[in-house]
Amino acid sequence: MNVSDRRRRWWPRSVRARAAVAAALTAAIVLTGIGWWVHHEVYRQSLSVAEEKARNDLFALVDQLKQGDVPGPRRSAPYEIVATGRRTAVASGGGLEAFDRSAGHVLPSPPALTAPVPEATDGWDYAYRPLRIPDRPGGDSGSGQVLAGRTYRVLYNDIWAGQLSREQAAALGVRPDATLRAYVVLVPDTSEEIAAAIDGMLFRAGLAGLVLIGAVAYVTVRVALRPVEAVRRLTASVTDPSERVTVPATAHEITALADTINTTLRRLDHAAAQQRRFVADAAHELRSPLTTLLTSLEVALAYPERTDWTATATNAARQTRRLQALTEDLLLLARLDTGAPTAGPETVDMGAVASHLAGHHLLSARKLELIFDSYGPAHVRGNRDQLQRLLRNLLDNAARHAAHRIRVTVRSEDEQVVVAVHDDGPGVPAEDAERIFERFVRLDDARSRDQGGTGLGLAIARDLAERHGGTLNLVPGDDGGACFALRLPQVPAPAPAPDAAPSAVPDPSPDPDPAPDVE
């Protein structure tokens, strides 16, 4: 079992379930971030409150010492008062009094002073630093706080005993020149307990919120997908491309979906109609020469002594060539429709290709003048045989309708190669400018069939142009007639091979009897 299969097993298949899971996961990420922020903010605020209380306790201790009073052990925060020249603490409480006094004071003694400590202007001056409470027996206070072996933030303030009277110094049990320091330990246990309680509340609320968000997302998506299910059922019931699904009255994405399905059905209906028309036209085109060929042969066989066998064979050969040309055109169109791969593209000089075709093309039995003009480089990227077929179809069409002259011009314009084939014939009505590129369309149907056209030449030419990233359109001519303009993306000329002689344009073998095409 690969990774994809394992993922498909645990990942829900339903869109509703996926939306619910995605919403729950997103909410979980958001709620986790909010919970982290709330945890730290609550801890910071509660720690700030605890520090404020410890500072007030410190100032209260300092005031008592300045009055010569020994503070009692009952305090909310652990404290200790130590002095220089004294091994034991002057006073302690809040948990520090539980340590063995015979081992001396717990916190370090202050440095000796020779003058009073300058006070801040607001009278609220103190210092703090982290201190580790040493490991000693009996470090468990009655409040349950375990202080020994842990590092705490400790607030302290110094007092010079020289500021006190001898009676006050004696009451405190210190020398008159001693330095006293009052310590207050900032214990974060309460802040941590508050933060832990908040974490528990947030966790339970978050779980309930995730369940609620997932359920709401599931129900919401289920309600939103009801129109989609309705459109799906209608689409599944469609058996004919001419049918359409009902568009919901509400203007939202489901309406756009229904419109898109109807647009697709219209395209399928149009494609099916084109396919039916194409099959009918192909059958008609194939039946016409076959009928002519069969009739002529049956008549010749029925009256052999009165038959001109040379004329009969000539007519049979002409109809056979027409069938061959039509079959080849149909096969080419089938390959173009299916996008079948062709030979690899190469750099083709359209000027050389057009010049070669203009010099070797069999125009018609009529005397026609063919003028060729080329201006500048005209290299494109594509399949040489298909590009030759494209230009040959345009020349066949021009030769069929020209009165006296055909002009072929090749030029570069706006990074494009433009090949124009212009005849001086009757031209094409404006309303038929696009219809002539449809398959089996002839504007002069009877004359075209007499000349052997299949009505596929221009359709093939446009398909080949689009296959090469270009366009083929009917444009106004300078002096009447029809002018077809082929535009293809221009590419740089290939670098000549070193020490290589210039090669002539290959002379492609013409079709045995190319069948011209007529609009």
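The rules we used
- Residues numbered from 1 in each chain as written.
- Predicted model: local features only at pLDDT ≥ 70, side-chain atom pairs only at ≥ 80, totals over all residues.
- Heavy atoms only, no water.
- Pairing = 2+ DSSP bridges.
- Helix = DSSP H or I, 4+ residues; strand = E, 2+ residues; numbered from the N terminus.
- Axes fitted to C-alpha atoms, helices over the stretch in contact; angles between N-to-C directions.
- Buried < 20%, exposed > 50% of the residue type's maximum accessible area, 1.4 Å probe, protein only.
- Core = buried A, V, L, I, M, F, W, Y, C linked by side-chain atoms within 4.5 Å.
- Contact = heavy atoms within 4.5 Å.
- Parallel < 35°, antiparallel > 145°, perpendicular 65-115°, else oblique.
- Left-handed = near helix turned anticlockwise from the far one by under 90°.
- Nonpolar A, V, L, I, M, F, W, Y, C, P; charged D, E, K, R; others polar.
- Expected span 1.5 Å × (residues − 1).
- Polar contact = N/O pair within 3.5 Å; in protein donor to acceptor, adjacent residues only side chain to side chain.
- pLDDT = per-residue confidence, 0-100.
- Phe/Tyr/Trp six-rings, centres within 6.5 Å; stacked < 30°, edge-to-face > 60°.
- Lys NZ or Arg CZ within 6 Å of the ring centre and 35° of its normal.
- Patch = residues over 30% accessible without salt bridge, like charges linked within 9 Å, V, L, I, M, F, W, Y side chains within 5 Å.
- Areas by Shrake-Rupley, 256 points an atom, 1.4 Å probe, with all protein chains shown as cover.
- Salt bridge = Lys/Arg side-chain N within 4 Å of Asp/Glu carboxyl O.

Caption draft 1: Examining the sheet that holds strand β1 (residues 79-83) more closely. Spatially, 5 strands are ordered β2-β1-β5-β4-β3 in an open sheet, and the strand pairing comes out antiparallel. Looking at strand neighbours, the two that pair on one side only are β2 (91-93) and β3 (127-132), the edges of this open sheet. Sheet twist, expressed as the average angle between the axes of neighbouring strands with direction ignored, equals 25°. With 8 bridges joining them, strand β4 (residues 151-160) and strand β5 (residues 179-186) adopt antiparallel strand pairing. The partner of Asp-158 across the bridge, within β5, is Arg-181.

Caption draft 2: Structural view of the pairing of β4. Counting buried positions over the 10 residues of β4 gives 8, a clear majority of the element. Two elements, β3 and β4, share 6 bridges in a ladder whose sense is antiparallel. Bridging from a neighbouring strand, Arg-129 pairs with Val-154 of β4.

Caption draft 3: The nonpolar core, seen in detail. Core analysis: the biggest nonpolar cluster contains 43 residues, and Met-350, Leu-391, Leu-394, Ile-406 and Leu-486 have the highest contact counts within it. For this core, the secondary structure elements donating two or more residues are α6 (253-302), α7 (309-338), α8 (350-360), α9 (384-401), β9 (405-413), β10 (416-423), α11 (457-467) and β12 (483-489). Among all residues touching Leu-391, those that are not within four sequence positions of it are Met-350, Val-353, Ala-354, Leu-357, Val-419 and Leu-486. In this structure, Ile-81, Val-90, Ala-182 and Val-184 belong to the second largest nonpolar core, which totals 24 residues.

Caption draft 4: View of the packing of helix α2 (residues 15-66) against helix α4 (residues 189-224). Closest axis-to-axis distance for the α2/α4 pair is 8 Å, and the angle between their directions is 160°. Here α4 runs roughly antiparallel to α2, going by the angle between their axes. For the crossing formed where α2 meets α4, the hand is right-handed. When the residues that make up the contact of α2 with α4 are grouped by side-chain class, the tally is 23 nonpolar, 6 polar and 4 charged.

Caption draft 5: Here's a closer look at α9. The terminal C-alpha atoms of α9 lie 26 Å apart, and with 18 residues this matches the ideal 26 Å at 1.5 Å per residue to within 8%. With 17 of 18 residues buried, α9 is to be regarded as a mostly interior element. Capping of α9 at its N-terminal end is provided by Asn-383; its side-chain oxygen lies 3.1 Å from the backbone amide nitrogen of Asp-385.

Caption draft 6: Layout of the confidence of the model for the chain. Taken over all residues, the pLDDT of the chain has a mean of 80, while the share at 70 or more is 84%. Predicted confidence is poor over residues 139-144, with pLDDT under 50, and the contacts of this stretch with residues over four places away or in other chains come to 10 contacts. Scored below 50 in pLDDT, residues 501-519 shows 48 contacts in the model against residues more than four places distant or in partner chains.

Caption draft 7: Examining unusual backbone geometry more closely. Phi is positive for Asp-414, which is not a glycine, with a value near 55°. Relative to the elements of secondary structure, Asp-414 occurs in the loop between β9 and β10. Take Asp-414: its relative accessible area is 68%, and that puts it in the exposed class. With a phi close to 60°, Glu-415 is a non-glycine residue in the positive phi region. Mapped onto the secondary structure, Glu-415 falls in the loop between β9 and β10. Given the relative accessible area of 70%, Glu-415 is considered exposed.

Caption draft 8: Up close: the side chain of His-105. Secondary-structure assignment places His-105 in the loop between β2 and β3. Overall, the relative accessible area of 15% leaves His-105 in the buried class. In this structure the side chain of His-105 is engaged in a polar contact, spanning 2.7 Å, whose partner is the backbone oxygen of Leu-107. Engagement of the side chain of His-105 in a polar contact is seen with the side chain of Ser-109, the distance being 3.0 Å.

Caption draft 9: Region of the structure containing the packing of aromatic side chains. This structure, assessed with the given rule, holds 4 aromatic pairs. When the ring of Tyr-126 is compared with that of Tyr-128, the centres are 6.5 Å apart and the planes differ by 45°; the resulting orientation is tilted. According to the relative accessible area criterion, Tyr-126 is partly exposed, its value standing at 21%. An angle of 85° between the planes, with centres 6.0 Å apart, marks the rings of Phe-437 and Phe-484 as edge-to-face. With Phe-437 in the loop between β10 and α10 (445-450) and Phe-484 in strand β12, this residue pair connects regions lying 47 residues apart in the sequence. Residue Phe-437 shares its accessibility class with Phe-484, and that shared class is buried. In textbook terms, an aromatic cluster arises when at least three aromatic residues are bridged by ring pairs, as seen for Phe-59, Tyr-126 and Tyr-128. The ring of Tyr-303 carries the charged tip of Arg-306 above its face, separated from the ring centre by 5.2 Å. Directly above the ring of Phe-437 sits Arg-462, whose terminal nitrogen or CZ lies 3.9 Å from the centroid.

Caption draft 10: View of a nonpolar patch on the surface. Together, Val-30, Leu-31 and Ile-34 make up an exposed nonpolar region whose accessible area comes to about 230 Å². The class for Leu-31 is partly exposed, based on a relative accessible area of 34%.

Caption draft 11: Molecular detail of the pattern of salt bridges. On inspection of all chains with the given rule, the structure shows 12 salt bridges. In this structure, Glu-41 and Arg-44 form a salt bridge, with 2.5 Å as the shortest nitrogen-oxygen distance. Residue Glu-41 and its partner Arg-44 are both found in helix α2; the two are separated by 3 residues, about one turn of the helix. Within this structure, Arg-411, Glu-413 and Arg-487 form a network of salt bridges that share partners.

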